[in-house]
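What follows is the residue order along each chain.
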Amino acid sequence: MKKVFIFLFMCLCAFMLTSCRKDKLTKIKLAEVARSVFYAPQYVAINKGYFKDEGLDIELINANGADKVTAALLSGDVQIGLQGPEPTIYLYKNNKSNYLINFAQLTRTDGSFIFGRKPIENFTLNDLKGKSILGGRKGGVPEMTLEYILKEAGLDVGQDDDTKDVNVRTDVAFAALAGSFLDGEGDFVSLFEPTATNLVKQNKAYLLAATADYAGEIAYTAYSTSLNYFNENEDIIEKFTKALYKGQQFVNNASDEEIAKEIHSFFMDVDLDTLAVVVNRYRSINGWCSNPIFSEKGFDRLQDIIIEAGELDAKVNFNDIVDLTIAKKVVND
């Protein structure tokens, strides 16, 4: 009887400790620009409990657009946002008193791939000459990066202009690219995963190249928060960054299959085998940052792309909207 009592007492204590731990979790609303396998380290950190280990309860919100992420951050509806750094650049250029700070980087290059209607052996960007490609929303970083690499290859590029070497069509919404391509629009298309692999499996598109192979390092997706929140909650930002770093380390060291299993709950409409293929594809382009330290080189490259597209007149200073203090501390500890 005494042993039973001790066992029950220990169970009660464990329950109370668990309950207290849950009660003490700090709720964080995290808005992501889209749901993508490209953000695998984040989903791993959530599923493996890395954020909870740091005392954070993450409510993940798919905002479906960088403009919505930025608006939610400025209004205080969410505390942290995952998006490209470009909205933080535009915002700072227009308002130097109420802007966003980038504090951790997630992806280090463009995550899109070029697909055609038939396989092309030894494909080069010159194979797009005289053709059209569905590029996505005008002014979106995927579309701007696509134009940038085409121009770097010496091609004359126009938006919805058949008189140019390459007609980069921006009249099709990002979410409708795959469907429009299947309906016969465009000679080529630029797609993200896992949509792309699903088309390949159906023999409806052929992978020709990764945009990253031409674009190189870009500060593509990062975490930001409002200046006020950053200054007033550095402890929470540090805990968040620690959890993210654990997710990045897991992705760096785990197999494609292990990563696919960990993120599957976020992509229930995609089977595990396909997820593993997608993970491998992103690994092959070195798409994920190995740590949260924001790259100044990648940030500079991003601004080159935006300026070339005519969406930015001059660069902003790296240190004005990027703070490396916490990320460096997390990595060095």
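Here is what the cut-offs are and how they apply
Residues numbered from 1 in each chain as written. Predicted model: local features only at pLDDT ≥ 70, side-chain atom pairs only at ≥ 80, totals over all residues. Heavy atoms only, no water. Helix = DSSP H or I, 4+ residues; strand = E, 2+ residues; numbered from the N terminus. Rg over C-alpha atoms; globule rule 2.2 N^0.38 Å. Buried < 20%, exposed > 50% of the residue type's maximum accessible area, 1.4 Å probe, protein only. Contact = heavy atoms within 4.5 Å. Areas by Shrake-Rupley, 256 points an atom, 1.4 Å probe, with all protein chains shown as cover. Lys, Arg positive; Asp, Glu negative; His and termini not counted. Charge placed at Lys NZ, Arg CZ, Asp CG, Glu CD. Core = buried A, V, L, I, M, F, W, Y, C linked by side-chain atoms within 4.5 Å. Polar contact = N/O pair within 3.5 Å; in protein donor to acceptor, adjacent residues only side chain to side chain. Pairing = 2+ DSSP bridges. Axes fitted to C-alpha atoms, helices over the stretch in contact; angles between N-to-C directions. pLDDT = per-residue confidence, 0-100. Salt bridge = Lys/Arg side-chain N within 4 Å of Asp/Glu carboxyl O.

1. So, the overall build of the protein
Helix and strand counts for the protein stand at 16 helices and 11 strands. Here the protein has a C-alpha radius of gyration of 22 Å; the compact-globule value for 333 residues is 20 Å, and the two agree. Viewed in the frame of its principal axes, the protein has a C-alpha envelope of about 85 × 50 × 30 Å. Counting every position in the protein, which comprises 333 residues, the buried fraction comes to 53%. Counted over contacts in the protein with a minimum sequence separation of 6, partners at least 24 positions apart contribute 77%. Summed over all atoms, the accessible surface of the protein reaches about 15,400 Å², with 48% contributed by carbon and sulfur. A gap of 7 Å separates the mean positions of the 36 positive and 47 negative side-chain charges of the protein.

2. Quick look at the nonpolar core
Counting residues in hydrophobic clusters, the biggest one holds 109 residues, and the most contacted among them are L150, Y223, F240, I263, Y282 and F299. Of all the elements, helix 11 (residues 234-253) adds the most residues to this core, at eight residues. Those residues in contact with I263 that lie beyond four places of it in its chain are V37, A40, Y43, V44, N47, L275 and V279.

3. Some points on the side chain of Q83
Tracing the backbone shows Q83 in strand 3 (residues 80-83). There is a polar contact of 3.2 Å between the side chain of Q83 and the side chain of T70. Beyond its immediate stretch of four places on either side in the chain, Q83 contacts V33, A66, V69, T70, L73, T88, L100, Y220, T221, A222 and S224.

4. Observations regarding the sheet that holds strand 2 (residues 56-62)
A sheet is described by the order of its strands in space; here five strands give the open sequence 2-1-3-11-4, paired in mixed fashion. Each having just a single partner strand, strand 2 and strand 4 (100-107) make up the two edges of the open sheet. Taking the axes of each pair of neighbouring strands and ignoring which way they run, one obtains an average angle of 25° across the sheet. When strand 1 (residues 26-32) meets strand 3, the two strands line up parallel, connected through three bridges. Note that in strand 3 the partner of E32 across the bridge is L82. Contacts between helix 4 (residues 66-75) and the sheet are confined to strand 1, strand 3, strand 4 and strand 11 (221-226), with strand 3 contributing the most and set at about 165° to the helix. Here helix 11 sits on the sheet in contact with strand 1, strand 2, strand 3, strand 4 and strand 11, set at roughly 15° to strand 4.

5. Digging into the sheet that holds strand 6 (residues 131-134)
Taking strand neighbours across the sheet as the criterion, the six strands line up as 7-8-6-9-5-10 in an open arrangement whose pairing is mixed. For this open sheet the edge positions go to strand 7 (157-159) and strand 10 (206-210), each flanked by a neighbour on one side alone. Averaged over neighbouring strand pairs, the angle between their axes works out to 30° when direction is ignored.

6. As for the confidence of the model for the protein
With 93% of its residues at a pLDDT of at least 70, the protein reaches an overall mean of 91. Low pLDDT (under 50) marks residues 2-9, which in the prediction has zero contacts with non-local residues, meaning those over four places away or in another chain.

7. Digging into the side chain of R169
Within the element layout of this structure, R169 appears in strand 8 (residues 166-169). With a relative accessible area of 14%, R169 lands in the buried category. Among the polar contacts listed, one links the side chain of R169 to the side chain of E185, at a separation of 2.8 Å. If near-sequence neighbours (up to four positions away) are discounted, R169 is found in contact with S132, I133, L134, G135, G136, D160, E185 and G186.

8. Notes on the environment of E262
Inspection of the secondary structure puts E262 in helix 12 (residues 256-263). Taking the C-alpha atoms as reference, E262 lies 7.5 Å from K48; in sequence the two are 214 residues apart. Not counting chain neighbours up to four residues away, the residues in contact with E262 comprise V44, N47, K48 and F250.

9. Looking at the pattern of salt bridges
In the structure shown here, the tally under the stated rule is 18 salt bridges. Among the salt bridges present, the one from K48 reaches E262, with a minimum N-O distance of 3.6 Å. Of this pair, K48 sits in the loop between helix 2 (40-47) and helix 3 (50-53) while E262 sits in helix 12; the two residues are 214 residues apart in sequence, bridging distant segments of the chain. We note a salt bridge from R169 to D171, for which the minimum N-O separation is 3.0 Å. The network of salt bridges with shared partners includes E147, K151 and E308.

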